[in-house]
Protein chains: 4
Amino acid sequence: MCGIVGMVGNGPVNQDIYDALLLLQHRGQDATGIATAEPSGIMHMAKAEGMVREAFRTRDMRALLGNVGLGHVRYATKGTASNEEEMQPFYVNAPYGIVLIHNGNLTNTRELTADMANRDRRHLNSSSDTELLLNVLAGELQASASDVDLDADRVFDAVERTHARVEGAYAVIAIIAGYGLLAFRDPFGIRPLILGRRAGAAAGDADEWVVTSESLVLENADYEIVREVEPGEAVFITDDGELFTRQCAQRTQLTPCAFEYVYLARPDSVMNGVSVYESRLRMGDRLADTIAKHVPLDEIDVVMPIPDSSRPSAMEVARKLGKEYREGFYKNRYVGRTFIMPGQAVRKKSVRQKLNAMSSEFRGKNVLLIDDSIVRGTTSMQIIQMARDAGAKSVIFASAAPPVRHPHVYGINMPSRHELVAHGRTIPEIAEVLGADRMVYQEVEDLKAAIIEGSDLEDLDMSCFDGRYITGTITPEYLDWVEKSQTS
Amino acid sequence: MCGIVGMVGNGPVNQDIYDALLLLQHRGQDATGIATAEPSGIMHMAKAEGMVREAFRTRDMRALLGNVGLGHVRYATKGTASNEEEMQPFYVNAPYGIVLIHNGNLTNTRELTADMANRDRRHLNSSSDTELLLNVLAGELQASASDVDLDADRVFDAVERTHARVEGAYAVIAIIAGYGLLAFRDPFGIRPLILGRRAGAAAGDADEWVVTSESLVLENADYEIVREVEPGEAVFITDDGELFTRQCAQRTQLTPCAFEYVYLARPDSVMNGVSVYESRLRMGDRLADTIAKHVPLDEIDVVMPIPDSSRPSAMEVARKLGKEYREGFYKNRYVGRTFIMPGQAVRKKSVRQKLNAMSSEFRGKNVLLIDDSIVRGTTSMQIIQMARDAGAKSVIFASAAPPVRHPHVYGINMPSRHELVAHGRTIPEIAEVLGADRMVYQEVEDLKAAIIEGSDLEDLDMSCFDGRYITGTITPEYLDWVEKSQTS
Amino acid sequence: MCGIVGMVGNGPVNQDIYDALLLLQHRGQDATGIATAEPSGIMHMAKAEGMVREAFRTRDMRALLGNVGLGHVRYATKGTASNEEEMQPFYVNAPYGIVLIHNGNLTNTRELTADMANRDRRHLNSSSDTELLLNVLAGELQASASDVDLDADRVFDAVERTHARVEGAYAVIAIIAGYGLLAFRDPFGIRPLILGRRAGAAAGDADEWVVTSESLVLENADYEIVREVEPGEAVFITDDGELFTRQCAQRTQLTPCAFEYVYLARPDSVMNGVSVYESRLRMGDRLADTIAKHVPLDEIDVVMPIPDSSRPSAMEVARKLGKEYREGFYKNRYVGRTFIMPGQAVRKKSVRQKLNAMSSEFRGKNVLLIDDSIVRGTTSMQIIQMARDAGAKSVIFASAAPPVRHPHVYGINMPSRHELVAHGRTIPEIAEVLGADRMVYQEVEDLKAAIIEGSDLEDLDMSCFDGRYITGTITPEYLDWVEKSQTS
Amino acid sequence: MCGIVGMVGNGPVNQDIYDALLLLQHRGQDATGIATAEPSGIMHMAKAEGMVREAFRTRDMRALLGNVGLGHVRYATKGTASNEEEMQPFYVNAPYGIVLIHNGNLTNTRELTADMANRDRRHLNSSSDTELLLNVLAGELQASASDVDLDADRVFDAVERTHARVEGAYAVIAIIAGYGLLAFRDPFGIRPLILGRRAGAAAGDADEWVVTSESLVLENADYEIVREVEPGEAVFITDDGELFTRQCAQRTQLTPCAFEYVYLARPDSVMNGVSVYESRLRMGDRLADTIAKHVPLDEIDVVMPIPDSSRPSAMEVARKLGKEYREGFYKNRYVGRTFIMPGQAVRKKSVRQKLNAMSSEFRGKNVLLIDDSIVRGTTSMQIIQMARDAGAKSVIFASAAPPVRHPHVYGINMPSRHELVAHGRTIPEIAEVLGADRMVYQEVEDLKAAIIEGSDLEDLDMSCFDGRYITGTITPEYLDWVEKSQTS
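Residues numbered from 1 in each chain as written. Chains lettered and ligands numbered in written order. Predicted model: local features only at pLDDT ≥ 70, side-chain atom pairs only at ≥ 80, totals over all residues. Heavy atoms only, no water.

Remarks on the overall build of chain A
In terms of helices and strands, chain A carries 16 helices and 22 strands. A globule of 488 residues ought to have a C-alpha radius of gyration of about 23 Å, and chain A, at 23 Å, matches this closely. For chain A, the residues scored as buried account for 61% of the 488 residues in total. Carbon and sulfur atoms make up 47% of the accessible area of chain A, which amounts to about 17300 Å² in all. Positive and negative side-chain charges in chain A, numbering 52 and 69 respectively, have mean positions lying 7 Å apart. (Helix = DSSP H or I, 4+ residues; strand = E, 2+ residues; numbered from the N terminus. Rg over C-alpha atoms; globule rule 2.2 N^0.38 Å. Buried < 20%, exposed > 50% of the residue type's maximum accessible area, 1.4 Å probe, protein only. Areas by Shrake-Rupley, 256 points an atom, 1.4 Å probe, with all protein chains shown as cover. Lys, Arg positive; Asp, Glu negative; His and termini not counted. Charge placed at Lys NZ, Arg CZ, Asp CG, Glu CD.)

Structure, rendered in structure tokens:
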């Protein structure tokens, strides 16, 4: 769960990268980093904990010289938030000098790590799969070019061999110092990556290019959408702005991650040809049907979203059910730390710091709450209790996504299976655990249909709902290992 | 435009003050400060630029010892953002040791400043009216007590004389070291101030008290609402939690600022007995009628809010007009700085950094945009253009507040009259300036009715709409002086 | 043990104050502060922990506007190093606005603190005697001027009444906002204060003035020495550079602190007409005689100083005894913190971090080590052991000051009596405790003579050597109270 | 002009590295860095501008885990002080993971840089010769080991090939992640490097090892001196504390840099078997003879050092000439920045900020000033003027080192030839430029004899005095290029 962006411009790209990261901030708020390269090949890098606006100082930014650059926002996995060694971008100086960022998750890190020690003799200074990926690519680039005259074809050869060695979900952007910007996407296109172009400001200027996780970055900086980077495809843009592309995977199949549409992506993005906002309206439309099947409509007085991402679905549920739509919860934008005075006990962070229920909207009413999805269920439980405390007569809780019952191994942080509230429970059992009068979940097929409807998309990764993993090697042993590593 | 909070507790209040300031953050994001007092009278203070979560370090917070405290978030006026001398709280050590914070604006600062130099011999180290107010109060407290046995009555005597000397809008919280917490509100109750109580955690514990700008602070920390502090009233809570109150003004008349309801306050606050959220729904209801009077309904395909504060009004407009409600604009929560590379020109900050228009919602449609109010008009102009760029066929722009044609002198930052787009213009002229196909403004009487309907409120300060100033001495000469001081 | 400086210039004084503080850094390295005043009366202040070069950032310095200013370096007493509330300067805003700094120690703080609460109704926010002194002065200034037309005479009246109320050692510098710079010295002149003047750079410019702890500040910035501020005298320099002086004490008697000459002052200062460097040479001269009386000269092969302050004395001892002078100890200028790794034990700080013994100078030799003074004896003990470890055959240890057997109550931090190695011990007993083969101490009368010889000085404060306190009220009860407060 | 240290211990080495850097601080105060390696091969690094005590925060230090570590203090060359990219240590991740630090200067950087681009395909991100050296070594290590079973012999093979490729002066310490600590010294032993050992604290513990620039680091932490690392020799200590050594150069010849003895090293160091302190005494002894040859002794009243490094020489000059030795200059330890107020002109930094002349020591006297060496002459000129201003009747200036007339290319920063005051000038001409009544310089042969006397040393690098460069390829063209690169 990260956001990435890379740019080749006719002038300094640091401010544009920074602006793009602000737009991608929703994809990760724990750390951020920017790297740039000057035509001489000299590279600059700044990375720090926290959100973009806090992380970079003016002097950091002014040191980020160069017309080629990339940036990253990071959603840290448990326990790694303040681990400087895990922050992106990563850099290797041989061959050529490469910096690299990545959104996704590799699923054969154990094999790759062994390879690095035994075969590639490359040092890994973190447990980051991004560092692994960079070193695989670096090793292949070294093998690719017997001399220094690197060209696009040799770069693509190296990507081809990288695809053959790594498994999982990955959208990658890298700078090869003195050569250009490289981007590629895994053969299943699980994580998003889109390409944009902007005409140079002056006549005779080269085109300027951007590759990034979400289309809104393009829209915001007046790039036109060229297209999504294809599954398995690599894009190489030279320092001078010349574009090369090549399909570098043997077998490809576009199966993007459904969770991008459910809650990860910004609603104003268009991803794989599908408007995220509209897919959420359609999720609401189909969810309304399922609700109508299971709930007597006179048991619903009002429909309310859990802000912000479920707002479109909830609006559409209300419209279709012919019920009043009200915003009974107010989301507090400003959150802060907990300071422990000496001798004081640690406070439990509560949902109430982030959400406030307006009693006047709840008092005496049968409320239907719509959330985008339910993972652990702890938040939902508190929200339901808040609704009751605010005077709700009854609380029906509906999720625009189906029950999450399986691990997500493609780059979205999720707890272990036994922490998923839906793992091994029926829907009425979940309702009981969460304290809802009734629960309604979207059907798996409805979610899929809501997303792909009207687009060229044929398939989606929905493994956390249905347990079917598109990459071949996700065995029960692997899933056990993943969960064990997380908790250790 | 500030937020204030004061607390008297049975244990350290620093974390609670901090949490309250996060909840009041929408009232000011430029600077913040906290002061606390220990029973010994020792006071601690921390203040810094920026938002609450950035401003206070752990060690600052841990140094803020004491069971009595107050906190402030500040919306800086032009040119004073980084001026440390202007930050609140202010402190004087004679008499007793007093720290004070204030939300509002004094309108006789020229007279008071002269008094300080010529009569009170007190040093002012800033141009802040808060420092003035503190020194007036300090002078009166010094006069009030011929010896050290300060009690509530002598404190109230000093407030009475302070009311007699200062003019304008003010909600004030102060700590008198070793004595207690004092709060008072101007005789017209222009700025809000509400009192809450919480039973002590253990049997025999004293009650805990809070005074603050908005009710949601109470709700969030499980205080019950006692009542609003009355116009002209003072509240004094001793270090031991004993409450004293007295009406300290000769003549009072409750006329709260209408702008709190229009956009300043959080929707989940109840202010002077009026739910802010519901008042905004009613503004939408009445605005719908006005729209219907001026616009053929078939010229409207869809109703959209300018997020966030106009959402309830827009929702209600849509419902009443029977039109579809859609959220065509996405608000970016993350904003950052502009970094200037050597040799680069300064970039103009654009609304587009904060708002993004989703083309799919606009294409080919006649859109009715609802905003809470229009001041300068520059933002509205850009929004209308964004709607057109996104493909809107026509754009009708409606404001839930009437035209702003007069200066606001009671604590809300506004530009000079000639910068107000509605100053000296008819509504069609405004439409032309802003580039809208049509403009609709709420009627002045409708706004008033929408706010006070169903409550005990009888009057409101609506001076920026109608030019009638409740405090006596707002002369044209004064208004000219204010505008001149701002620009100099 | 602090350093102070005040200036009235024709241009900004911030850089000059900063430079002066660097020169006074040896007088205190725990915290530092600067305050300046603009002609308008607006004052600016910056204070921070640590040494001058670390404490002030560029933006702090640039904010310190004004032609009148003062600065302070602080040697913190036990447990108060990081206590922001104790840092100087202190500020009160009534009357007039005053900032004040102070070098010394008041001995009637208990009485003054009670007065503040019961009579002056002024708030003290620290346990600093500087804050007390400022409030006494402020109270007297308030009483002094029935209206605002403050002039030098009224200021001096207030100083006169301040002298009558406070007891102890104090050299004081203050700014009265909008009026000028005030400096005064206690009636016994225990702590130093010197006045300098510099002609304005341009024709017609007013003279520029400085008052400070040590003459080297004057020399370094091309001020000529006007004279020491007399015991009990006050100096007032208006914002425009006009100088007024008046004797404000009833009875005065110059008895400066002997410790300034022994080790506190810089050798290149001239204090009360006595060159510190030359007084140290004379201490060596007289010490040599005492050594010759007690030690067979053939038991001494080489004379070595404990760097830096005993160097002149040691050089003179060697010359007079006709022995070789060598520098066997090297002083490490760079010291740093101790970082504790989790699970590690705390390291004891050792003298060896600061001193290194060069074995080649010690091996097989009878060494005579000269130190300036011995307080606790812990350092001396380690140094003697280092000399032995480096191969010394025998170690004779001599102190240029007599045994320290009594508390110092006039502003030099010393441990309680029972921690003084000489308290209740004969010289042979001390030798045994410290592990020296022999000990030699300067005679009390010799120290006095060495300092005043050839000057107009008639008396010195030598209370820590002889137990005679010049200010009347130092009772055994007071000394007990002081020691108890320090350890609590 | 840098200081380096490396350690292999039985526990965390971070605090010991830090303490060692404090002791080496005199060798460089512009930047500093530490790297450590855990047994797993994970490495940690912290580097920052400024002095050791300012540069490292507690959390930086606590993150520096591992029993193997190295540290560096840096004296920046012109214009690179704040250049983060130039700071040491440097890191490459292939092969193995290597961090490296270096004291010295390579003289064939142009050839090596071309090699990197054309042959090694390794990216250089700075103009640092350390980065070059690291990459040469890394390339040779990669070639050295066809598989991962790296051992000491293969490491030494790589060092052998590194010696063959690089030219100049270099003392190097590196960590090979997961293997151990490597140190080596150039074939002429120009820069110092000494090896120490300490028995493990507990029975059965392995020995602990240190390699560093100066012996005092060993002495201070209770390491015994094993020996200097030989010219051309490499030392490899495994993570487990096993020591391997091998001579890796074809032809070696010990010719250490004379400047270490003249002023760079600390007097309490023993370098190549020569006590630095004693060599300085001998320099004084021989300088006295030369002075006696050129100056009538009755023209000298007093001998004074320019503190600190010329103190031993001056003391010995005084003793031998039978003249009084006095310290007329006081050295200010505390220096700070210059803050420019808006509108102010930049101040010239003056020697007077660092030195103060005590008039009483100068007035009416013929003074003989002793300095360690004279480079540009600007400082000497100011000092001579200060002596005159303080009242000196005449000023004779003597230098313990001969005239510096040639560039220093082996790691000591010097200006270009035309900035050297002695370049192209006779001694009387220099006297005239500097304003001295007379000048006396040490003879070249006397300096050499003073250093090597009584030791096994046979030769010294004295190229900046005599223009003879021990490494073969220092051509006039090269010297021109060096000077041109510095000024550009």
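Quick look at the packing of aromatic side chains
For the structure on display, the rule yields 36 aromatic pairs over all chains. With a centroid separation of 6.2 Å and an interplanar angle of 80 degrees, the aromatic rings of Tyr170 of chain B and Phe184 of chain B are classed as edge-to-face. Of this pair, Tyr170 of chain B sits in strand 7 (residues 168-176) while Phe184 of chain B sits in strand 8 (residues 180-185), placing them 14 residues apart in sequence. The same class applies to Tyr170 of chain B and to Phe184 of chain B, which are both buried. On the numbers, 6.3 Å between centres and 65 degrees between planes, the contact of Tyr410 of chain D with Tyr469 of chain D is edge-to-face. Of the two residues, Tyr410 of chain D is situated in the loop between strand 21 (394-399) and helix 13 (427-434) and Tyr469 of chain D in the loop between helix 15 (463-466) and helix 16 (476-487); the sequence distance between them amounts to 59 residues. By the burial criterion, Tyr410 of chain D is buried, and Tyr469 of chain D matches it. Grouped by ring-pair contacts, the aromatic residues Tyr18 and Phe56 of chain A together with Phe339 of chain B constitute a single cluster. For the cation-ring pair, Lys47 of chain C lies above Phe90 of chain C, with the distance from its terminal atom to the ring centre recorded as 5.1 Å. (Phe/Tyr/Trp six-rings, centres within 6.5 Å; stacked < 30°, edge-to-face > 60°. Lys NZ or Arg CZ within 6 Å of the ring centre and 35° of its normal.)

Digging into the pairing of strand 16 (residues 302-305) of chain B
Residue and element names in this part refer to chain B. Side chains Val302 and Met304 project from strand 16 onto one buried face, and the interleaved Val303 and Pro305 project onto a second face that is buried too. By the bridge criterion, 2 bridges tie strand 16 to strand 17 (residues 324-325) in an arrangement that is parallel. Opposite Val303, over in strand 17, you have Tyr325 as the bridge partner. Following the chain from strand 16 across helix 10 (residues 311-321) to the adjacent parallel strand 17, one finds a crossover that is right-handed. (Pairing = 2+ DSSP bridges. Right-handed = clockwise from strand over helix to strand, strands pointing away.)

Considerations on the domain arrangement of chain A
Residue and element names in this part refer to chain A. Per the domain assignment, the segments of chain A are domain 1 (3-254) and domain 2 (275-332 + 350-487). In total, about 1400 Å² of surface goes out of reach between domain 1 and domain 2, with carbon and sulfur atoms giving 54% of it. Linking domain 1 with domain 2 are 1 salt bridge, by the criterion used here. With its nearest N and O atoms 3.0 Å apart, the salt bridge here joins Arg110 to Glu477. Taken together, the elements giving at least two residues each to the side of domain 1 that touches domain 2 come down to strand 6 (98-106), helix 4 (109-120) and strand 7 (168-176). Examining the composition of the side of domain 1 that touches domain 2, we find that 3 residues originate from one element, strand 6, more than from any other. Taken together, the residues of the side of domain 1 that touches domain 2 sort by class into 7 nonpolar, 7 polar and 4 charged. (Domains from an automatic or database assignment. Buried area = accessible area lost by both parts, 1.4 Å probe. Salt bridge = Lys/Arg side-chain N within 4 Å of Asp/Glu carboxyl O. Nonpolar A, V, L, I, M, F, W, Y, C, P; charged D, E, K, R; others polar.)

Some thoughts on the interface of chain A and chain B
At the interface, 60 residues of chain A touch 60 residues of chain B. Interface area for chain A against chain B, summed over the two sides, is near 5700 Å², with a carbon-plus-sulfur share of 48%. Counting across the interface, chain A meets chain B through 5 salt bridges. Here Arg53 of chain A and Glu54 of chain B are joined by a salt bridge, their closest N and O atoms 3.1 Å apart. At the boundary of chain A with chain B, the tally comes to 23 residue pairs in polar contact (both at pLDDT 80 or more). Of all elements in the fold, only helix 1 (14-24), helix 2 (52-55), helix 3 (58-63), helix 7 (215-220), helix 9 (276-294), helix 10 (311-321), strand 19 (355-357) and helix 11 (359-362) of chain A reach the threshold of two or more residues within the side of chain A that touches chain B. (Contact = heavy atoms within 4.5 Å. Polar contact = N/O pair within 3.5 Å; in protein donor to acceptor, adjacent residues only side chain to side chain.)

Overview of the UniProt feature "binding site: Mg(2+)" (unreviewed entry) in chain A
Residue and element names in this part refer to chain A. Following the UniProt record, the feature "binding site: Mg(2+)" (unreviewed entry) maps to Ser309, Asp371 and Asp372 here. Sequence-wise these annotated residues cover 64 residues; spatially they are packed, their C-alpha atoms never more than 7.9 Å apart. By secondary structure assignment, the location of Ser309 is in the loop between strand 16 (302-305) and helix 10. Ser309 has contacts with Tyr263, Arg280 and Asp372, leaving out every residue within four places of it along the chain. Inspection of the secondary structure puts Asp371 in strand 20 (residues 366-371). Its relative accessible area of 10% is what places Asp371 among the buried residues. Look past the residues within four positions of Asp371 in its chain and what remains in contact with it is Ile306, Ser310, Phe397, Ala398, Ser399 and Ala400. (UniProt positions renumbered as here; feature names shortened; annotations may be inferred.)

Some points on the relation of the copies chain C and chain D
One chain copy maps onto the other through a rotation about an axis and a shift parallel to that axis. Each copy superposes on the other: chain C lies on chain D with an RMSD of 0.1 Å after a rotation of 180 degrees and an axial shift of 0.0 Å. The transformation relating the two chain copies, once decomposed into turn and shift, fits a two-fold axis. By residue overlap, the copies meet face to face through one surface: 100% of the interface positions of chain C are interface positions in chain D. (Least-squares fit on C-alpha atoms with pLDDT ≥ 70 in both.)

Regarding unusual backbone geometry
Here the amide bond leading from Pro307 of chain A into Asp308 of chain A is cis, since omega sits at 0 degrees, within 30 degrees of zero. Here Asp308 of chain A lies in the loop between strand 16 and helix 10. Pro95 of chain D follows Ala94 of chain D through a cis peptide bond whose omega is -5 degrees. Structurally, the position occupied by Pro95 of chain D is in the loop between strand 5 (90-92) and strand 6 (98-106). Here the phi dihedral of Arg121 of chain A falls at roughly 50 degrees; this positive angle occurs in a residue that is not glycine. Mapping Arg121 of chain A onto the fold places it in the loop between helix 4 and helix 5 (129-144). Look at Arg121 of chain A and you get buried, because its relative accessible area is 16%. Backbone geometry places Asp222 of chain C, a non-glycine residue, at a positive phi of 65 degrees. Note on placement: Asp222 of chain C falls in the loop between helix 7 (216-220) and strand 11 (224-228). What makes Asp222 of chain C exposed here is its relative accessible area of 52%.

Section: the arrangement of the chains
Regarding chain A and chain C, the two do not touch, and the least distance separating their C-alpha atoms is 14 Å. One thing to see here is that chain B and chain D don't touch, and their nearest C-alpha atoms sit 15 Å from each other.

A closer look at the relation of the copies chain A and chain B
Once chain A is rotated about the relating axis by 180 degrees and shifted along it by 0.1 Å, it coincides with chain B to within an RMSD of 0.1 Å. A symmetric contact is evident, with 100% of the interface residues of chain A recurring at the interface of chain B.

As for helix 10 (residues 311-321) of chain D
The buried fraction of helix 10 of chain D amounts to 9 of the 11 residues, a majority that puts the element mostly inside the structure. Within helix 10 of chain D, burial applies to Arg311, Pro312, Ser313, Ala314, Met315, Glu316, Val317, Ala318 and Leu321 of chain D. Elements in contact with the buried residues of helix 10 of chain D: helix 10 (311-321) and strand 17 (324-325) of chain C together with helix 9 (276-294), strand 16 (302-305), strand 17 (324-325) and strand 20 (366-371) of chain D. Where helix 10 of chain D ends, the next residue or the one after it, Gly322 of chain D, has phi of about 70 degrees, a positive value.

Some points on the environment of Glu445 of chain A
Note that Glu445 of chain A resides in helix 14 (residues 444-452). Considered as a pair, Glu445 of chain A and Pro402 of chain A are 43 residues apart in the sequence and their alpha carbons are 9.1 Å apart.

What about the UniProt feature "active site" (unreviewed entry) in chain A?
Residues and elements named next belong to chain A. Following the UniProt record, one finds the feature "active site" (unreviewed entry) at Cys2. When you line up the elements, Cys2 lands in strand 1 (residues 2-8). Judged by its relative accessible area of 8%, Cys2 is buried. Excluding its chain neighbours within four sequence positions, the residues that come into contact with Cys2 are Arg27, His72, Val73, Arg74, Tyr75, His102, Asn103 and Ser213.

Observations concerning the sheet that holds strand 20 of chain A
All names here are of chain A. Strand order in the open sheet made by the 5 strands is 17-16-20-21-22, with parallel pairing throughout. The strands lining the two open edges of the sheet, one partner per strand, are strand 17 (324-325) and strand 22 (438-441). Each of strand 20 and strand 21 (394-399) touches helix 12 (residues 378-389); the most contacted strand, strand 21, lies at about 150 degrees to it. (Axes fitted to C-alpha atoms, helices over the stretch in contact; angles between N-to-C directions.)

A few points about the interface of chain C and chain D
Counting residues at the interface gives 60 residues for chain C, matched by 60 residues for chain D. Summed over both sides, the interface between chain C and chain D buries roughly 5700 Å², with carbon and sulfur atoms accounting for 48% of that surface. The largest share of the area that chain C buries against chain D comes from Tyr334, Phe339 and Met341 of chain C, three residues that together contribute 13% of it. Where chain C touches chain D, the interface holds 4 salt bridges. Measuring nitrogen to oxygen at the nearest pair gives 3.3 Å for the salt bridge that ties Arg352 of chain D to Asp222 of chain C. If you look at where chain C meets chain D, you find 24 residue pairs in polar contact (both at pLDDT 80 or more). Listed by contribution, the elements that provide at least two residues to the side of chain C that touches chain D are helix 1 (14-24), helix 2 (52-55), helix 3 (58-63), helix 7, helix 9 (276-294), helix 10, strand 19 (355-357) and helix 11 (359-362) of chain C. With 7 residues, helix 1 of chain C is the largest single contributor of residues to the side of chain C that touches chain D. Taken together, the residues of the side of chain C that touches chain D sort by class into 25 nonpolar, 15 polar and 20 charged.

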